There are 2 protein chains.
Amino acid sequence: MSADLHRAAAGVLAAHDQQYTRNRRALVTALAGAGAPLTLPELLERDASLAQSSAYRNLAVLIDADVVRRLVHGGDHARYELAEGLTEHHHHLICETCGTVADVTLPARLESSLDRAFDDVARTSGFAPSHHAIDVYGTCADCLG
Amino acid sequence: MSADLHRAAAGVLAAHDQQYTRNRRALVTALAGAGAPLTLPELLERDASLAQSSAYRNLAVLIDADVVRRLVHGGDHARYELAEGLTEHHHHLICETCGTVADVTLPARLESSLDRAFDDVARTSGFAPSHHAIDVYGTCADCLG
DNA sequence: TTGCTTGCAAATGATTTGCACTGCT
DNA sequence: AGCAGTGCAAATCATTTGCAAGCAA
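A. A look at the sheet that holds strand E2 (residues 68-71) of chain B. All names here are of chain B. Strand order in the open sheet formed by three strands is E1-E3-E2, and the pairing between neighbours is antiparallel. This sheet does not close on itself; its edge strands, each paired only once, are strand E1 (38-39) and E2. Relative to strand E3 (residues 79-82), E2 runs antiparallel, the two sharing four bridges. Bridge assignment links Arg-70 to a residue of E3, and that residue is Tyr-80.

Structure (structure tokens):
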């Protein structure tokens, strides 16, 4: 239910001394409805009432408060999605032909193996891991046609 | 030994009807010497004889020929590294404090598990994976000080 | 009122491109 | 001569920012 989502988002923002305004709510709603990371133009298409500069500014606030996460994959536009506190841990399938990005979740067992491997890295090299991202590049079903 | 590296790079470029010029060789040398992905300013520092626009143009050629790979991680500058044909398969440790990127290799067993998981995804969703990238975010030893 | 938010228009800055020149073949 | 490669300067374009007006406490 999206009421929970908005309550959570409002709470996180409040903890950062930020308000949950109409425009910020609109961004969160659009991102939640998409189910995949969106570019800024895509976000504006889904809520034409938003000015571009305000969208960028509000995304910056949401990112700072850990409500939204920004992804960059080489295309012209960055992509935005809800942060992990508000969604499930997942990774990305990136189509090298059309540039769209889809979410995937990996088996929990595999995620544990990865985390264990990263902890080993920490012990060996002194690098302290906080989180990870896996990008799988390839061709999506639509482009395979 | 770097003679092999240059021979390989020259061969790949030739296969793409491209020459292995002095500047392209300088870029490959700089990237091989770094052992970690470099930004364009970092590349120019290492070989001041290079004009910025030429560096960008040659990197584009090298990327097109699969000699170099371009990485984007949200910082101001993209980073460049030798493509996997010329180096080992590896992943990246990204310091969220200073932005530097270091290479890591994961246990072969784990890589196999990952590939198997991605093949499952292919079977399920119709997405055909070609390769993957794992980014581990955290804090590097220097910044932990 | 006081301060945050908004949207327009202008600025910024990484990357790309036009063009004239140099150098290899 | 002919074509690829070079570098300067100018253009491009996603993103950021200045500023004046709107809105909520």
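After that view, the rundown keeps rolling.
B. Quick peek at the protein's contact with DNA strand D. As a structural note, the neighbourhood of DNA strand D is formed by 19 residues, with Tyr-56 of chain A together with Asn-23, Arg-24, Ser-54 and Arg-57 of chain B the closest of them. Sugar and phosphate atoms constitute 71% of the interface atoms of DNA strand D, taking the interface as everything within 4 Å of the protein. The separation between a phosphate oxygen of DNA strand D and a polar side-chain atom of Arg-70 of chain A is 3.4 Å. At 2.7 Å from a base oxygen of DNA strand D is found a side-chain nitrogen or oxygen belonging to Arg-57 of chain B. Listing elements by their share of the surface near DNA strand D, those giving two or more residues are helix H4 (52-64) of chain A together with helix H2 (22-34) and helix H4 (52-64) of chain B. Considering only residue class, the surface near DNA strand D consists of three nonpolar, eleven polar and five charged.

C. Representation of helix H1 (residues 2-15) of chain A within the structure. All names here are of chain A. With 14 residues, H1 should cover 20 Å at 1.5 Å per step; its first-to-last C-alpha distance of 20 Å lies within 8% of that length. Residues of H1 that are buried include every one of Leu-5, His-6, Ala-9 and Leu-13, and no others. Along the axis of H1, the buried positions cluster into a sector of 95°, meaning they face one direction only. Pointing more than 90 degrees away from the buried face of H1 are the exposed residues Arg-7 and Ala-15. Residues of H1 that are buried in the fold lie against helix H2 (22-34), H4 and strand E3 (79-82). Asp-17, located one to two residues past H1, shows a positive phi value of around 60°.

Conventions used here
- Residues numbered from 1 in each chain as written.
- Chains lettered and ligands numbered in written order.
- Predicted model: local features only at pLDDT ≥ 70, side-chain atom pairs only at ≥ 80, totals over all residues.
- Heavy atoms only, no water.
- Pairing = 2+ DSSP bridges.
- Helix = DSSP H or I, 4+ residues; strand = E, 2+ residues; numbered from the N terminus.
- Near = heavy atom within 4 Å.
- Polar contact = N/O pair within 3.5 Å; in protein donor to acceptor, adjacent residues only side chain to side chain.
- Nonpolar A, V, L, I, M, F, W, Y, C, P; charged D, E, K, R; others polar.
- Expected span 1.5 Å × (residues − 1).
- Buried < 20%, exposed > 50% of the residue type's maximum accessible area, 1.4 Å probe, protein only.
- Arc of directions from axis to C-beta.
- Contact = heavy atoms within 4.5 Å.

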